[in-house]
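What follows is the residue order along each chain.
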Amino acid sequence: MDDTIMQSSSSACSYVDNEHSRSIIHIDVDCFYAQVEMLRNPELRAVPLGIQQKNIVVTSNYEARNYGVQKCMLVTDAVKVCPNLKLVSGEDLHNYRAASNKIFEVLLTWKCPVEKLGMDENFIDVTKLVEEKVKSGNQTLIGHMYNEMSMECPCGCHTRLKIASQIASDMRQKIYNDLGYTTCAGIAHNKLLAKLVCPLHKPNDQTTIFPESAEGFMSTLQSVRCIPSIGSKTTETLISHNIISVSDLQKASLEELKKNFSSDMAVRLKNLSLGEDSTPVKQTGRPQSIGLEDSFKTVSVKSEVEDKFSALLQRLLVLVREDGRIPVSLRVTLRKKDAKRLSSHRESRQCQISPSIFTITNGTLAVTDAGQQKLMTIIMRLFNKLIDLSKPFHLTLVGLAFTKFQERMTGRSSIVNYLMNDISVQSVLNLQNDCDTSATSMDYSAASPSSSTTTDLSDAEVEPSPKKPKKVNWIAKRRCLSKEEVASPSKLKVGELRLNSKELEKVSELRLNSRDRSLTPRASPAKDNLSDASDSMKDVAEGGNCDDCPSYVDKEVFNALPDEMQQELKAMWKNPSSSEVQRSSPRTTNKAKPNTILKYFVPHK
Ligand code: DGT
Ligand code: MG
């Protein structure tokens, strides 16, 4: 524990309202890229280390910072101040993104809203957790405190923020224990202050600020640009009106600000200058799209473009496999050089892709060689739509992105696990591989890059979770298909399988329709062999445990279900009157009755 008085007291606490009711933690990883590299190669720990992108040192370890190496220094300057600087390339963001995701996952274990900000920062709203812990008694502040106040705020925020400091310390400790990263944290009643006090004790430490110190703390910031939500344009306007420091902004009257900004903006600026910020911590969801771009001087030959796309696709498939979701849409982006205008512009085309291109083997997403070829065909078809090959073309960038996904269910109890192990998946959406022109975008930017660099787009595209559950449609195909099954499709239709647990939030329709199986190529050639298939058919032929099944039931499908479900179905078939299942539309059934697996088994019509 370390209570440090940073400044003398500025004002007595006068806050009694609800404004301090929240407890927010901001966590920032120390010299993030450098730590990732040092964890990968411990030999780098002992030396001053710089992470290089092009001719810039984007960050350095604290050893190098002691020599004066600063973030975003030119390599030539960095080497001047630190001749023994060890440089490691940071062009490939893959490991940084993976580390970022792991840290995010650790923070999620507290079951509080976590908002990811960039790669190495997260906000956590621990308000509810603090409320639970406030009765437990221990109110010791951990870490530093900005400007210790003697007067206790009547709303109890001091106690709450002290408890939040304990939670922050636990979080940082767990990140270190589980993953090895040291971090800094800021603790406050809003996001603005939490973020701003976070770096006050770098590295590997934390700082808490109480609400009554907000105004005084903000007045120490030399530039309005230090306030995270004030961008360069707003800064320019403020500076043009002689408002340079945050203290200047505090002193500016609202009327004066309203002359240059909208009324809302003027109020927001004023509030920010006083350290007031009511923006919520928005739970971060998974990236909406996962993409990669490759920029280069110029490419004017189709075969070269194909090579670029092929290389990008290989890398993109690694990212998608790690993500685990099944892509259902693919976007191709080109940046065309316009010789006449001496500028470049981007164009994109996207189309839906069949999820059957992807297979899931032992829970891992994969793409067969044939699947990759299919994707390349789609990519080049999109390319042909974007480029008139009868004329010369000059490209300075190609990009690929998977832009829509189906969610895969996890969790041991998920019924999807029964259906997803070693199966290939096909959507009931009747997705076509035919390219459409539904999403064509254009933007213009100056032609610039001189060397080939690859940009990882997925982090830039992190978006908050949707508030409403997404509708996901599946057809699941079992691994072992006999010739007979393909030739004469099953009669059992497992329609509208709705899940009554948490899964319901994500999957709204899941269909196992063996009529569709013949449409799908076999998933796993190694396992999907004839002996497997005939073995499984033998079980069924010997009666298995489905003697009581109605004639329309596919016994193999039935036998693949877990015991409890089989029992439930059997009971229903024995006594249909007690069952919820009707042979009418399952949708209607679901509306009126509580969820049960029985409802989802309907005879094939
Ligand atoms: P810190 O937090 O001061 O101990 O140091 P870092 O390295 O964690 O710096 P931070 O948190 O500002 O940024 C996180 C990572 O993002 C950093 O390790 C490298 C990368 N990064 C930061 N600034 C830039 C930049 O201006 N350009 C590029 N390309 N990458 C940057
Ligand atoms: Mg950092």
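Bear in mind the structure is a predicted one, so any value in this text is a computation, not a measurement.

Let's shift gears to the overall build of the protein. Scanning the protein from N- to C-terminus turns up 20 helices and 23 strands. Counting contacts in the protein only where the partners sit at least 6 residues apart, residues at least 24 apart contribute 71% of the total.

A few words now on the coordination of the magnesium ion (ligand 2). Protein-derived coordination of the magnesium ion (ligand 2) comes from Asp28 (OD), Val29 (O) and Asp120 (OD), at a distance range of 2.0 to 2.2 Å. Considering all six donor atoms around the magnesium ion (ligand 2), angles at the metal cover 82 to 173° and the coordination shape is octahedral. Here the donor residues of the magnesium ion (ligand 2) are spaced in sequence according to D-V-x90-D. Placement of the pair is Val29 in strand β1 (residues 24-29) and Asp120 in the loop between β6 (114-117) and β7 (121-125), with a sequence separation of 91 residues. By relative accessible area, Val29 is classed as buried at 4%.

Next up on the list: the layout of surface pockets. Each pocket or cavity is described by its volume, and for the second largest pocket that value is around 470 Å³. As for the second largest pocket, its lining consists of 22 residues, and the residues nearest its centre are Asp28, Val29, Lys71, Asp120 and Glu121. Only β1, α1 (32-40), β3 (56-60) and α2 (62-66) provide two or more residues apiece to the lining of the second largest pocket. Ranked by the residues each element gives to the lining of the second largest pocket, the list is headed by β1, at three residues.

What follows is about the nonpolar core. Counting 42 residues, the largest nonpolar core has Ile25, Phe32, Ile124, Val126, Ile167 and Met171 as its most contacted members. Residues contacting Ile124, with those up to four places away along its chain left out, are Ser23, Ile24, Ile25, Ile27, Leu107, Cys112, Pro113, Val114, Met171 and Val281. With 38 residues, the next largest nonpolar core counts Val305, Ile326, Cys351 and Leu395 among its residues.

Our focus in this paragraph is the pairing of β6. Bridging between β6 and β7 involves four bridges; their strand directions are antiparallel. Its bridge partner being in β7, Lys116 is matched across the sheet by Asn122. Connecting the antiparallel pair β6 and β7 is a turn made up of three residues, with Gly118 showing a positive phi of about 65°.

Its location among the elements puts Thr183 in strand β9 (residues 183-188). Residue Thr183 is classed as buried on the basis of its relative accessible area of 1%. If we skip the residues at most four places from it in the chain, Thr183 touches Ile27, Asp28, Val29, Asp30, Arg172, Ile175, Asn204 and Asp205.

Further remarks concern helix α12 (residues 263-273). Of the positions making up α12, those classed as buried are Ala266, Leu269, Lys270, Leu272 and Ser273. When α12 is viewed along its axis, its buried side chains cluster within an angular range of 165° and face the same direction. Turning to α12, the residues buried within the fold contact α7 (191-197), α8 (214-218), α9 (232-240), α10 (246-251) and α11 (254-258). The first or second residue beyond α12 is Gly275, which carries a positive phi of 85°.

A separate point is the packing of aromatic side chains. How two aromatic rings sit relative to each other is set out by the distance from centre to centre and by the angle between their planes. Within the structure shown, the criterion is met by seven aromatic pairs. Aromatic pair Phe32 and Tyr181: ring centres 6.4 Å apart, planes at 55°, arrangement tilted. Remark: Tyr181 occurs in the loop between α6 (157-179) and β9 and Phe32 occurs in helix α1; sequence separation between them is 149 residues. An identical accessibility class is assigned to Phe32 and Tyr181; each is buried. Arranged with centres 6.5 Å apart and planes meeting at 70°, the rings of Phe309 and Phe383 form a pair that is edge-to-face. Taken as a pair, Phe309 in helix α13 (residues 302-323) and Phe383 in helix α14 (residues 369-386) lie far apart in primary sequence, 74 residues in all. Side by side, Phe309 and Phe383 carry an identical accessibility label, which is buried. Chaining the aromatic ring pairs together yields one cluster made of Phe32, Tyr33, Tyr96 and Tyr181. The side chain of Lys116 reaches across the aromatic face of Phe104, ending 6.0 Å from its centre.

Taken as a whole and judged by the stated rule, the model has zero disulfides. Free cysteine Cys155: the closest other cysteine sulfur is in Cys153, separated by 3.6 Å. Cys184 takes part in no disulfide bond, and the closest cysteine sulfur, belonging to Cys198, lies 5.5 Å away. The class for Cys184 is buried, based on a relative accessible area of 1%.

Looking now at the site of ligand 1. Of all residues adjacent to ligand 1, which total 15 residues, the nearest are Cys31, Gln53, Thr59, Tyr62 and Lys202. Within the contact set of ligand 1, an oxygen atom lies 2.9 Å away from a backbone nitrogen or oxygen of Phe32. In this structure, Gln53 approaches ligand 1 through a side-chain N or O atom, which is 2.7 Å from a nitrogen atom. Protein chains shield 73% of the accessible area of ligand 1, which is 590 Å² for the free molecule.

What follows covers the sheet that holds strand β8 (residues 144-146). If you trace the six strands from one edge of the open sheet to the other, you get β6-β7-β1-β9-β10-β8, paired in mixed fashion. Since the sheet does not close on itself, it has two edges, and those belong to β6 and β8, each with one partner. This sheet shows a mean twist of 20° between the axes of neighbouring strands, independent of strand direction. Across the sheet, helix α4 (residues 94-108) touches β1, β6 and β7, and the angle it forms with β6 is around 160°.

Calculation criteria
Residues numbered from 1 in each chain as written. Chains lettered and ligands numbered in written order. Predicted model: local features only at pLDDT ≥ 70, side-chain atom pairs only at ≥ 80, totals over all residues. Heavy atoms only, no water. Helix = DSSP H or I, 4+ residues; strand = E, 2+ residues; numbered from the N terminus. Contact = heavy atoms within 4.5 Å. Donors = N, O, S within 2.8 Å, 3.2 Å for Na, K, Ca; no water. Tetrahedral: all angles 85-135°; square planar, octahedral: opposite > 155°, others 65-115°. Buried < 20%, exposed > 50% of the residue type's maximum accessible area, 1.4 Å probe, protein only. 1 Å grid on protein atoms, 1.4 Å probe; cavity = no way out; pocket = protein on both sides within 12 Å on 5 of 7 lines; lining within 4 Å. Points joined across faces, edges and corners; volume = space filled by probe spheres on them. Core = buried A, V, L, I, M, F, W, Y, C linked by side-chain atoms within 4.5 Å. Pairing = 2+ DSSP bridges. Arc of directions from axis to C-beta. Phe/Tyr/Trp six-rings, centres within 6.5 Å; stacked < 30°, edge-to-face > 60°. Lys NZ or Arg CZ within 6 Å of the ring centre and 35° of its normal. Disulfide = S-S within 2.5 Å. Near = heavy atom within 4 Å. Polar contact = N/O pair within 3.5 Å; in protein donor to acceptor, adjacent residues only side chain to side chain. Areas by Shrake-Rupley, 256 points an atom, 1.4 Å probe, with all protein chains shown as cover. Axes fitted to C-alpha atoms, helices over the stretch in contact; angles between N-to-C directions.

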